[in-house]
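Working through the structure, step by step
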Amino acid sequence: MKKGLLLILLSGIVALGYIVFSDKVTEQEQNILTPASIVISKQDPQKEIVIESVTMPANGWVVARAIEGNRLGQIIEISEFLSKGNHAQIVVPLGDFYNGEELIGMIYVDNGDTIFNDNDQPYKDTKGNMIAAYIKTGELVPVSMMQPEVNAGHMMGGNMVTVTYTNAGFVPARIEVATGTMVEFINKSNKEMWVASNDHPGHEVLPTFDQFKTIGKGGRYTYVFDKPGTWQYHDHINPELVGTIEVRTN
Ligand SMILES: [Cu+2]
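Everything in this summary refers to the structure shown in the same document.

What counts and how
Residues numbered from 1 in each chain as written. Predicted model: local features only at pLDDT ≥ 70, side-chain atom pairs only at ≥ 80, totals over all residues. Core = buried A, V, L, I, M, F, W, Y, C linked by C-beta atoms within 7 Å. Buried ≥ 20, exposed ≤ 12 C-beta atoms within 10 Å, placed from the backbone. Helix = DSSP H or I, 4+ residues; strand = E, 2+ residues; numbered from the N terminus. Contact = placed C-beta atoms within 7 Å.

Let us now look at the nonpolar core. General note: in soluble globular proteins, nonpolar side chains tend to be found buried as a group. Formed by 29 residues in total, the largest nonpolar core has its most connected members in I38, V62, V63, M106, I107, I131 and A132. Among the elements of the structure, β2 (48-56), β3 (60-68), β4 (71-78), β6 (103-109) and β8 (132-134) are those that each provide at least two residues to this core. Ignoring anything within four residues of it in the chain, the contact list for M106 reads V62, V63, R65, P122, M130, I131 and A132. In this structure, V161, A196, Y233 and V247 belong to the second largest nonpolar core, which totals 21 residues.

This paragraph deals with the environment of Q43. Note on placement: Q43 falls in the loop between β1 (37-39) and β2. Spatially, the C-alpha atoms of Q43 and Y134 are 9.5 Å apart, while their sequence positions differ by 91 residues. Non-local contacts of Q43, meaning those with residues more than four positions away in its chain, are made with I49, V50 and I135.

A few words now on unusual backbone geometry. Excluding glycine, a negative phi dihedral is what most residues carry, and trans is how most peptide bonds are arranged. Cis geometry is found at the peptide bond from V171 to P172, where omega equals -10°. You can see P172 is positioned in the loop between β10 (169-171) and β11 (174-178). Located in the positive-phi region is Q89, a residue other than glycine, with phi close to 50°. Mapped onto the elements of the fold, Q89 is located in strand β5 (residues 85-93). Residue class for Q89 comes out exposed when judged on the 8 C-beta atoms lying within 10 Å of it. The backbone phi angle of H203 is positive, close to 60°, even though this residue is not glycine. You can see H203 is positioned in the loop between β13 (195-197) and β14 (220-225).

Now the structure itself:
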C-alpha cells in the first residue's frame, strides 16, 4: 500500500516536471520565433516585379520562382541582398528572358556569405512553412504547393544553380556550389554564348567544361561539376567576359 502511494507520488512529480519543462521549451521557441512576411500587390509583370513589403527573418533575398503546373519551378531572378528586418518597394528586374510564366516571390535566407548559392534555401517558419506569394494575384502561396519542395529537397531548390549570361557578362560572376551540382548557363544577352573553361583558347583547365558551340539568345547550357576546385571560365566568343565556379568538397 505504501509502495503504491510512493509510486503515484513519484509519477506525479515526473509528470509535473515534464509539463514545466515543455512549457519552458515553448517559451524558448517563441523567443527565437522571428517574424517573416511578404506582401505583394496584384500586378501583371513585364520587365520587373515589385514586392510591396517584406519582413526578412534573417539576411537574404526575395527570390522570383516560376510555377510549373502545380509545383515550384526554376529560379528566375533574385532581389538585391536584403538585411534582416523590414523592407518596402523592392523592385526585381526580370530581364529579357522572362516570358510571362506564373511567378511567386519567396523569402530565402543567406547562409552567411552574402552570395546566393545552393546553400541558401527558402526560409521556413517553425511549422516548416515557407513564406511566398503569387505575383499576379498577390495571394499567399498555400502550404500544399510548398510541400513537394520539402520532399524533393535538393532537386527543386538546390542542386541546379543558374548563371545568366548578359550583355555585360556572367551574373553572378562567381558562385560556390557543392560537388555534383548542375549549373545552368542561360543566354539572356543579344550575343552568341559559348561557355568554356579557361584558359582561352585551349580550354585545358577543365576540358569537358566546354560548350563546343555557340547558342543564341534564350539558349541554355548545363554542366555538372563533379570535380572540386576553383574553375574559371569565359565566353569563347568574348573571352574578356569571365566567371568562376567554386566547387567545394561536400
Ligand atoms: Cu576560349
